[in-house]
Structure formats: structure tokens, C-alpha cells
Amino acid sequence: MNLYSYIETFGCQMNERDSEIMAQLIGDAYSPTRSLSKADVVVVNTCSIREKAEQKAFSMLGRLRKLKKKNPSMVIAVAGCVAQQEGRNIRKRMPHVDIVIGPQNLYRLPELIADVKRDNETKVKTDISPEFVIPPFLPSIKAGHPFKRFVTIMQGCNNFCTYCVVPYTRGREISRDPADIIDEITHLVQNGIREVTLIGQNVNSYGLDRKNATFPDLLRAVAGITGIERIRFTTSHPKDLSEDLMRCFAEIDALCSHIHLPVQAGSNSVLKRMNRKYTLESYLDKISKLKTFCPDIVITTDIIVGFPGETDEDFDQTMQLLETVRYHGAYSFKYSDRPQAPSCDFSDKVPEDVKSARLHLLQSRQEEITVERHNEFIGRTMPLVVEGRSKSSDGRWCGRTDTNHIVNFTGADTLQPGRTVQVVIEEACLNSLRGRLKKH
Ligand code: 5AD
Ligand code: SF4
């Protein structure tokens with residue numbers, strides 16, 4: 001009899017990769033399905049970084065309660081940061097959950113499923129240790145994207161930004177052995193993968209816990225793998241953006257001209273209370289220096305509005321920052337209290353309506369800037385890696401630039417996904433560009 005698994009992922013790319021790993025770990029016993037009612041094992045891989053993300057995970061778990069009533073032998077696992085945060089307590093709200101498994105324990109999923117089936121009781125694995133070693137693990141080629149993949153290079157975070165739950169759910173920074181990372185990417189490239197995104201909560205400090213590797217060294221080693229065409233990485237902490245790393249953008253052809261550099265706020269007093277460990281001036285200096293190495297680099301960011309104590313003047317400084325940097329894109333969020341985050345106890349919480357108004361102002365202005373930035377591409381010929389047919393079903397193709405822009409374009413009947421083509425940009429929208437294939 002065939003058995004099936006259904007894995008739902010919330011949150012960041014780390015979770016996406018963790019879900020792929022879990023799918024592979026149980027793949028021999030359980031084939032993936034997209035039909036929940038067919039599933040024998042359901043894994044909800046959760047995120048708790050913001051309140052909204054956590055609510056989404058809980059609402060999916062709530063929906064599973066009914067399914068479990070119909071099919072009591074279904075095994076329901078909660079993974080990721082909500083699992084780590086709630087541990088056994090999750091059973092109070094969600095008694096139908098069978099497995100609670102934290103991010104450091106995901107490799108034990110097959111064993112936990114077997115334990116639940118044998119003992120018929122909830123299994124909780126949320127131990128977390130600074131001694132944890134991320135095991136070597138060769139990704140499946142059959143499952144997953146045909147030409148680009150995420151590669152986890154480190155887990156955890158040592159920064160303790162005061163609003164953030166990650167250091168508590170993911171633990172201290174643990175870098176993978178560089179040899180394991182190189183083996184993993186070599187295996188991918190030998191099997192047709194041409195693009196990798198190196199992921200971690202704080203990739204710029206990769207290697208600080210190992211003493212035998214730095215992030216720029218790792219980038220150079222990855223770039224040395226024959227056949228690798230594009231390298232991306234995320235996420236960076238501005239305080240760890242070194243000159244050596246900036247130089248990589250000038251020296252490594254395969255390194256894409258895009259950096260996601262979360263600023264969070266434009267006011268020094270807010271940055272200080274966030275414990276970001278940089279000032280607005282030092283952040284802007286780094287951006288200027290980065291541009292001397294890579295003048296065309298595309299910079300995106302994350303911004304939190306309504307951090308406790310944020311005044312109108314503080315917020316104005318964040319608005320001013322948008323004008324100074326002119327980000328190509330920004331993800332922005334209303335501050336929310338997260339369990340264990342020190343800012344929960346800060347006074348002067350900003351009222352919800354003020355947070356909403358600030359978010360609206362910031363997003364409206366950033367949308368204008370994004371479109372203005374996109375307009376700058378019009379008339380340029382850009383190399384794209386073809387992803388497939390565009391979603392708009394108007395016969396266009398879709399590809400991605402090395403600056404991470406999606407371009408929908410005309411001009412070909414057939415194209416091989418993964419191929420690089422030259423496209424002339426003709427139009428700019430908020431979320432994508434439009435163009436036509438350049439004839440040779
Ligand atoms: N409230 C709002 N946004 C948050 N982020 C992290 N923690 C919080 C919080 N408590 C945002 C930051 C981070 C992004 C991934 O999520 O901007 O960079
Ligand atoms: Fe959270 Fe700050 Fe670490 Fe990012 S750097 S994961 S925001 S504590």
C-alpha cells in the first residue's frame with residue numbers, strides 16, 4: 001500500500017530548505033502528495049518571526065483537527081520555530097498534534113514517526129545545543145528545482161536584536177563544515193544545478209564559530225566549483241558586511257549583483273534600542289563603499305515600523321532613509337511582540353493605528369521608488385536565466401536577472417528552462433519587468 005506525506009512550509013528560505021530535507025528523509029516511506037485528505041503524515045513547518053506568520057501556522061494546525069478526526073491514524077508533526085518555542089505546550093491548544101520537532105532535530109523525523117506509530121503517544125524533540133553539528137547530507141536531485149537550489153551554510157543567530165525570537169528558537173550560530181558545503185554544491189552542480197543561494201540567518205558571520213573559514217573564503221571556494229553559474233546569499237547583517245565581502249562582488253563573476261541588507265530603522269535611537277550594533281551613518285558608509293566595488297548592485301532591505309518608543313521624528317528618519325538609499329525593494333512590517341524577545345517589556349508601545357498608518361506611508365513611498373528604480377532598466381539588455389512560461393498565460397516567458405528581478409518577455413516559441421538569454425527591457429511594473437528576446 002502506498003503511503004503519502006504532505007509538507008506545508010511557512011516563513012523563510014531556511015524553512016523551505018528544511019522542508020526539502022524532511023521530504024527527502026521520509027521520501028522512501030511516504031510519497032509526496034498535495035492532497036491533505038490522502039496524507040498519512042502531515043508536517044507543518046512553522047515560522048514565528050512575526051505574529052502573523054505564527055497565526056498562519058496555528059490556523060493550518062486548527063484545520064487539521066477535523067481531518068485527524070476522520071483519519072485518526074494520520075500523523076501530524078509541527079516543525080520549525082513555533083515547535084521549538086511551544087514545545088510540549090502546543091498540545092494544550094492542539095491536542096491532535098503527534099510530533100513536535102525543533103529545527104535542530106529535523107533529521108530525527110523518520111525515527112519520531114516510527115515512535116509515534118509504535119507507542120501511540122506524542123513525541124517532543126526540541127533539545128537545542130551549541131555543540132550541534134549540521135550533518136553532511138546530499139540533496140535529492142529527483143525532487144526539487146531542476147537548476148537552482150538553496151544550500152544551508154549555517155543555523156542560528158548570535159545577534160539578539162531585541163525584537164527577535166530567532167536566537168531563542170534557532171539557538172547560537174553554528175556554521176557547517178566548509179568541506180560538507182563544497183561537497184553538497186559539487187554534487188548539485190554535477191547533476192545540472194547551476195545556481196545556488198547560500199542561506200542562514202546571518203551568513204556574513206559564517207565561520208566565526210569555526211576559526212577555519214570565513215564567508216568570503218567560502219564564496220571564493222564555491223565560485224571555484226566548475227559549472228557554477230550564479231551564487232546568491234541571504235541574509236546579511238550590516239555590522240558583519242566586511243570589505244573583504246564587498247570585494248567579492250567585484251572579483252567573483254558568478255556572484256549575483258544583489259544584496260539583501262536589512263536596515264530595520266533609520267533612527268539611531270531606535271537602532272540602539274533594537275540592539276542592531278550599527279548606526280545610520282555606518283550603515284550608509286558601508287553602502288557607499290559597497291558601491292565602489294559594485295556600482296550597479298541592487299540593494300533590498302527589511303524595515304520594522306512602530307518599534308516601542310518610535311516617535312514621529314524617528315519614523316521620519318526611516319522615510320528619509322528610503323530617499324537616501326532608494327532601495328530596489330523593501331519588505332516592511334509592523335512591530336509585533338514575540339515571546340522571549342526583550343522588547344516585549346519595553347515601554348511606550350506604539351498604538352496599532354499609528355503602526356498601520358506608518359506602514360501604509362512607508363509602503364506607498366517605497367512602491368513609487370521601486371517603480372522608479374525599475375524604470376532605470378528600460379532600454380537595457382540584460383542576461384536572464386529562463387525559468388519557464390510566465391504566470392500571466394499570455395504566451396510570455398519568464399526569467400530572472402542576476403539582480404533578482406523577474407522579467408516576463410516575448411520573442412520565442414520554445415526555450416529551455418535554465419538557459420541564459422539576452423532580453424531588452426521595455427516596460428517596468430512594481431513586481432516585475434517586461435521585455436523582448438534580443439535577436440542575434
Ligand atoms: N516584529 C516585526 N517584524 C519583525 N521582524 C523580526 N522580528 C520582528 C518583530 N518582532 C522582521 C525583521 C526581519 C524580518 C525577517 O522580520 O524586519 O529582518
Ligand atoms: Fe533576529 Fe537580529 Fe538575528 Fe536577524 S540578526 S535573526 S533580526 S536576532
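Residues numbered from 1 in each chain as written. Chains lettered and ligands numbered in written order. Predicted model: local features only at pLDDT ≥ 70, side-chain atom pairs only at ≥ 80, totals over all residues. Heavy atoms only, no water.

Caption draft 1: Main features of the domain arrangement of the protein. One can read the domain layout of the protein as domain 1 (4-125), domain 2 (137-256), domain 3 (263-278 + 285-376) and domain 4 (381-437). When each unit is reduced to the centre of its C-alpha atoms, the spacing between domain 1 and domain 2 is 26 Å. Contact residues are listed per partner, giving 18 residues for domain 1 and 20 residues for domain 2. Taking both partners together, domain 1 and domain 2 bury about 1,700 Å²; carbon and sulfur atoms supply 60% of that area. (Domains from an automatic or database assignment. Contact = heavy atoms within 4.5 Å. Buried area = accessible area lost by both parts, 1.4 Å probe.)

Caption draft 2: Summary view of the packing of helix α7 (residues 178-190) against helix α8 (residues 215-223). The geometry of α7 relative to α8 is characterised by a closest axis approach of 10 Å and an angle of 30° between their N-to-C directions. When the interaxial angle is binned, α7 and α8 end up roughly parallel. Crossing geometry of α7 relative to α8 is assigned as right-handed. Here Pro178, Ile181, Ile182 and Ile185 of α7 come into contact with α8, specifically with Leu218, Ala221 and Val222. For the contact of α7 with α8, the residue count by class is 7 nonpolar, no polar and no charged. (Axes fitted to C-alpha atoms, helices over the stretch in contact; angles between N-to-C directions. Helix = DSSP H or I, 4+ residues; strand = E, 2+ residues; numbered from the N terminus. Parallel < 35°, antiparallel > 145°, perpendicular 65-115°, else oblique. Left-handed = near helix turned anticlockwise from the far one by under 90°. Nonpolar A, V, L, I, M, F, W, Y, C, P; charged D, E, K, R; others polar.)

Caption draft 3: Fine view of α8. Taken together, the buried positions of α8 are Phe215, Pro216, Leu218, Leu219 and Val222. The arc that holds the buried residues of α8, viewed along the axis, is 160°, so those residues lie on one side. Next to the buried residues of α8 lie α7, β10 (195-199), β11 (230-234) and α9 (243-251). Sitting at the amino-terminal end of α8 is Thr214, which places a side-chain oxygen 3.1 Å from the backbone nitrogen of Asp217. (Buried < 20%, exposed > 50% of the residue type's maximum accessible area, 1.4 Å probe, protein only. Arc of directions from axis to C-beta. Polar contact = N/O pair within 3.5 Å; in protein donor to acceptor, adjacent residues only side chain to side chain.)

Caption draft 4: Expanded view of the site of ligand 2. Looking at ligand 2, the residues that line it are Cys157, Asn159, Phe160, Cys161, Tyr163, Cys164, Val166, Pro167, Gln201, His237 and Arg276. Its residues assigned to classes, the shell around ligand 2 shows 7 nonpolar, 3 polar and 1 charged. (Near = heavy atom within 4 Å.)

Caption draft 5: A look at empty space enclosed by the protein. A complete count under the given rule lists 2 cavities of 30 Å³ or more for this structure. Taken as a whole, the largest cavity encloses approximately 70 Å³ of empty space. Arg17, Asp18, Ile21, Tyr107, Ile134, Pro135, Phe137, Thr152, Gln155, Arg176 and Glu184 together form the lining of the largest cavity. Per-element tally for the lining of the largest cavity: the top contributor is helix α1 (residues 13-26), with 3 residues. Partitioning the lining of the largest cavity into residue classes produces 5 nonpolar, 2 polar and 4 charged. Taken together, domain 1 (4-125) and domain 2 (137-256) each give at least three residues to the lining of the largest cavity, which thus spans both. Volume-wise, the second largest cavity comes out at about 40 Å³. Lining the second largest cavity are Asn15, Asp18, Met22, Asn45, Ala79, Gly80, Ile101, Gly102, Pro103, Leu106 and Arg170. In terms of residue count, the dominant contributor to the lining of the second largest cavity is α1 (3 residues). Here the lining of the second largest cavity is composed, by residue class, of 5 nonpolar, 4 polar and 2 charged. (1 Å grid on protein atoms, 1.4 Å probe; cavity = no way out; pocket = protein on both sides within 12 Å on 5 of 7 lines; lining within 4 Å. Points joined across faces, edges and corners; volume = space filled by probe spheres on them.)

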